[in-house]
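# Observations on the model geometry
Here is how the chains run, residue by residue.
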Amino acid sequence: MKINFNQFINRLLQTIPVVIGVTLIVFSLMHLTPGDPVEIMMGQGTVTEGEIQRIREELGLHLPLPVQYLRFITGIVKGDLGYSIYYRQPAREVIFSRLPATFELMVVAMIISLAIALPVGIISAVRQYSLLDKIGTIGALLGVSMPGFWLGLLLIMAFSVNWIFPVAGRIGFGMAPQRITGLYLLDSILTCNWFSFWNALKHILLPAVTLGMSMAALTMKTIRSSMLEVIREDYITFARAKGLSRSQVVLKHALKNALIPTITVITLNMGVLLGGNMIVETVFGWPGLGSLVVNAIFNRDYPLVQASVLIYAVTFIICNLLADFLYTVLNPRVKF
Amino acid sequence: MRITDLPAVRPKYAEDSERFHVRLREFWREYKKNRMAVIGVFIVGFFVSIGLFSPWLILHDPNEQDIFNRFQPPVWMEGGSWEHPLGTDELGRDLWSRIIYGSRVSLALGMAVAFFATTVGIFMGLLSGYYGGTIDSIIQRIVDILLAFPYLVFAIALMAVLGRGVFNLFLVLLYKEWVTPCRVVRGEVLAARESEYVEAARAVGAGGFHIMFKEILPNVFSSVIVVATLRVAWIILMEASLSFIGVGVPLDIPSWGMIIADGRGYITQYWWLSTFPGIAILLTVLGINLMGQGLRDALDPRLKE
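In short, a report on the structure. Think of each chain on its own: its residues are numbered from 1, step by step along the sequence as written. Key to labels: chains lettered from A, ligands numbered from 1, both in the order written. Since the coordinates come from a predicted model, pLDDT governs what is reported: local features require at least 70, and pairs of side-chain atoms require 80 or more to be given and counted, while whole-chain, interface and lining totals use all residues. Note that water and hydrogens are dropped before the side-chain values are worked out from all heavy atoms of the structure.

### Structural notes on the overall build of chain B
For helices the rule is a DSSP run of H or I covering at least 4 residues; for strands it is a run of E covering at least 2, with both sets numbered from the N terminus onward. Counting its regular elements, chain B contains twelve helices and zero strands. Element order for chain B, N to C, with α for helix and β for strand: α-α-α-α-α-α-α-α-α-α-α-α. Projected onto the principal axes, the alpha-carbon positions of chain B cover approximately 85 × 55 × 35 Å. Residue exposure (1.4 Å probe, protein chains only): buried if accessible area is under 20% of the type maximum, exposed if over 50%, otherwise partly exposed. When the 305 residues of chain B are sorted by exposure, 50% land in the buried category.

Put into structure tokens, the structure is as follows:
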């Protein structure tokens, strides 16, 4: 497989102004507050004038704006994302301690969404207008029309009344496996701690299903339409004419090409997953990055909000880059 | 040849309105082939009329508290009454009236944001696509930057610093929402710019603005309408999410997302509190999505799935 590096570097260079713009917006977040951010953060009247002055200087808020922005940028480059006022820790450490939980949730949600979307999408394309196709189409429509947090609440109502699934947290108290990667499911497999594994699985299932559903609907629609397109191509007819069985043609020939647009759509829809993740984590009390941001907002911990929003945006930019990259690698006909 | 043999000369506006009439009838004939799309129109019409006539449909002031009648079940359950058809919440507020009133914020914001965002988006998209060059690069970089934030993350962070409020919500949603119509219009303009009718207009000496608004816009309008309709559904979901998290509408304005959040703590015992407003959101968004798909099939057969 030949990769055009010039093309890719070109695309990389294009993201530089985007990244600068993103940092500008994130930086200006704190300055958009009506009123004095320090007073809002500390709660009015609870701190003395001198203390406010001290915090202002600590955060560098007394400096002129361009200088503040430069400090912000150099901080990011050095890996310093600011200081969380609420946790009294560097924001980077707070965020990194939450990342494994979010990562684990997103991976499981992705697996669930693919486990639903792949078979349903393929079958509904191969058997167009069949009953399953119709059910799939209606299901996808409901999936995109339903607010994610409401689905989560319905699941809690349905499954937690009789305590089949726990409704909050990542794992039962004192059951966390020995920390290797920070991903409870993986760690408990590595340490052969099946009791922890079962408990962690029960905790992750409802939030992951909630998050996976919105993704599944979009993925299914893409797989279906790209399969429909591919199936009508000549080489599929030829493969059938050669005497290959129907399932062989579908799974080996058609699916491979139908997956190209699907992969792109999945990567582009990471934004849906990243945003939905905030909601789902809040509903299920999942101790990840999403619930951290929401709590930081209510604690008026602006530096932490800034740092997390930046992490979200950078992740999303990387996903988009990856989508473009994968697309050209898989489909050499495309140019940026 | 007598003068009566000639076709009657009619004022231009009459012709225009007749043509519009004919086109509308043609459009409807195409549209109603899709039964689901017609259902969508009915659902949306139903909720819009609820929003418009809500002062006459409510039974109580949606914010009126009645501590002695907390957690009343819906009328068909034991202990329910017609006084509160869908029951009451943790403060004894009437759920029926709150949901009816909640439709106003959701629909009004959804439509207002979609309308203004589309207007801005059309303008930016036309400029970007028609002139290309520096203008295009600048607008597209802004679009790229705004698209680099996951939608909800961006909206939540902005609402957090601006504070709750309907107008703030409008601004925050609008801030990013114009990007989608802008991209659609730009793409269409790029295709239209090379077409013969634009070339013809240029040949007779038409200026840039004339070509953009009088020649290209009418031709790309159908895709814009489709996108704008589908975006209303998205905006309603975003508003509900923001209000659910607690950074949306102010506390004294009931909105569906906020009603769900209010009932969240009691769902295992009092299921109706969060279920009914959720159904309202689901049906409204579903109706708009069905309508949007129907519009797309009728107006823009190229995109038909």
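### Concerning helix H6 (residues 131-145) of chain A
All names here are of chain A. The terminal C-alpha atoms of H6, which comprises 15 residues, lie 21 Å apart, in line with the 21 Å expected from a rise of 1.5 Å per residue. Asp133, Gly136, Ala140, Leu141 and Ser145 are the residues of H6 that are buried. One side of H6 holds all its buried residues, which, seen down the axis, span an arc of 165°. Facing away from the buried surface of H6 by more than 90 degrees, the exposed residues are Leu131 and Ile135. To estimate the expected span of a helix, count its residues, drop one, and scale the result by 1.5 Å. As used here, the arc is the angular range of directions from the helix axis to the C-beta atoms.

### Considering the nonpolar core
Counting residues in hydrophobic clusters, the biggest one holds 148 residues, and the most contacted among them are Val22 of chain A together with Ile216 and Leu242 of chain B. By residue number, the principal contributor to this core is helix H10 (residues 208-245) of chain B, which donates 16 residues. Joining through side-chain atoms within 4.5 Å is the link that ties buried Ala, Val, Leu, Ile, Met, Phe, Trp, Tyr and Cys residues into a set, and such a set is a nonpolar core. Listed in part, the 13 residues of the second largest apolar core include Val230, Ala239, Val249 and Ala258 of chain A.

### Digging into the packing of aromatic side chains
What characterises a pair of aromatic rings is the spacing of the ring centres plus the angle enclosed by the ring planes. Residue and element names in this part refer to chain B. Between rings of Phe, Tyr and Trp, where Trp is taken as its six-membered ring, a pair exists when centres lie within 6.5 Å; planes separated by under 30 degrees are stacked, by over 60 edge-to-face, and by other angles tilted. This structure, assessed with the given rule, holds 22 aromatic pairs over all chains. With a centroid separation of 5.8 Å and an interplanar angle of 20°, the aromatic rings of Phe209 and Phe213 are classed as stacked. Of this pair, Phe209 and Phe213 both sit in helix H10, four residues apart, roughly one helical turn. Given the relative accessible area of 46%, Phe209 is considered partly exposed. For Phe213, a relative accessible area of 30% corresponds to the partly exposed category. Through pairs of rings, three or more aromatic residues link up here, namely Phe115, Phe116, Phe167 and Phe170. Directly above the ring of Tyr101 sits Arg104, whose terminal nitrogen or CZ lies 5.3 Å from the centroid. In this structure, Lys176 packs its charged tip against the face of Phe154, placed 5.7 Å from the ring centre. Lysine NZ or arginine CZ positioned within 6 Å of the ring centre and within 35 degrees of the ring normal marks a charge as sitting over the ring.

### Some remarks on the interface of chain B and chain A
Note on contacts: a residue pair is in contact if any heavy atoms of the two residues lie within 4.5 Å. Chain B puts 42 residues into the contact, and the matching count from chain A is 42 residues. For any pair of parts, buried area is found by adding up, for both, the accessible area (1.4 Å probe) each one loses once the two are put together. Carbon and sulfur atoms supply 82% of the area buried between chain B and chain A, which totals about 3,700 Å² over both sides. Of all residues in chain B, Phe149, Val153 and Val161 of chain B give up the largest surface area on contact with chain A, accounting jointly for 15% of the area buried on that side. For the purposes of these results, a polar contact is taken to be a pair of N or O atoms within 3.5 Å, where, inside protein, one atom must be able to donate a hydrogen and its partner to accept one; residues adjacent in sequence count only when each atom of the pair is a side-chain atom. Applying the counting criterion to the chain B and chain A interface returns three residue pairs in polar contact (both at pLDDT 80 or more). Residue contributions to the side of chain B that touches chain A peak at eleven residues, all from helix H12 (residues 272-299) of chain B. Looking at the side of chain B that touches chain A residue by residue, the class counts come to 29 nonpolar, nine polar and four charged. Each residue receives one of three labels: charged for Asp, Glu, Lys and Arg, nonpolar for Ala, Val, Leu, Ile, Met, Phe, Trp, Tyr, Cys and Pro, and polar for the others, Gly being one of them.

### Quick word on the pattern of salt bridges
It is possible for side chains of opposite charge to pair when their charged atoms get near one another. All names here are of chain B. Here, a salt bridge means any side-chain nitrogen of Lys or Arg that lies within 4 Å of a carboxyl oxygen of Asp or Glu. As enumerated under the stated definition, the model contains nine salt bridges over all chains in all. Between Arg93 and Asp262 there is a salt bridge, with its nearest N and O atoms 3.5 Å apart. Placement of Arg93 in the loop between helix H3 (54-57) and helix H4 (95-131) and of Asp262 in helix H11 (residues 256-263) is noted, with a sequence separation of 169 residues between them. Look at Arg93 and you get buried, because its relative accessible area is 8%. Classification of Asp262 as partly exposed rests on a relative accessible area of 23%. Across the pair Glu194 and Arg193 runs a salt bridge whose closest N-O atoms are separated by 3.6 Å.

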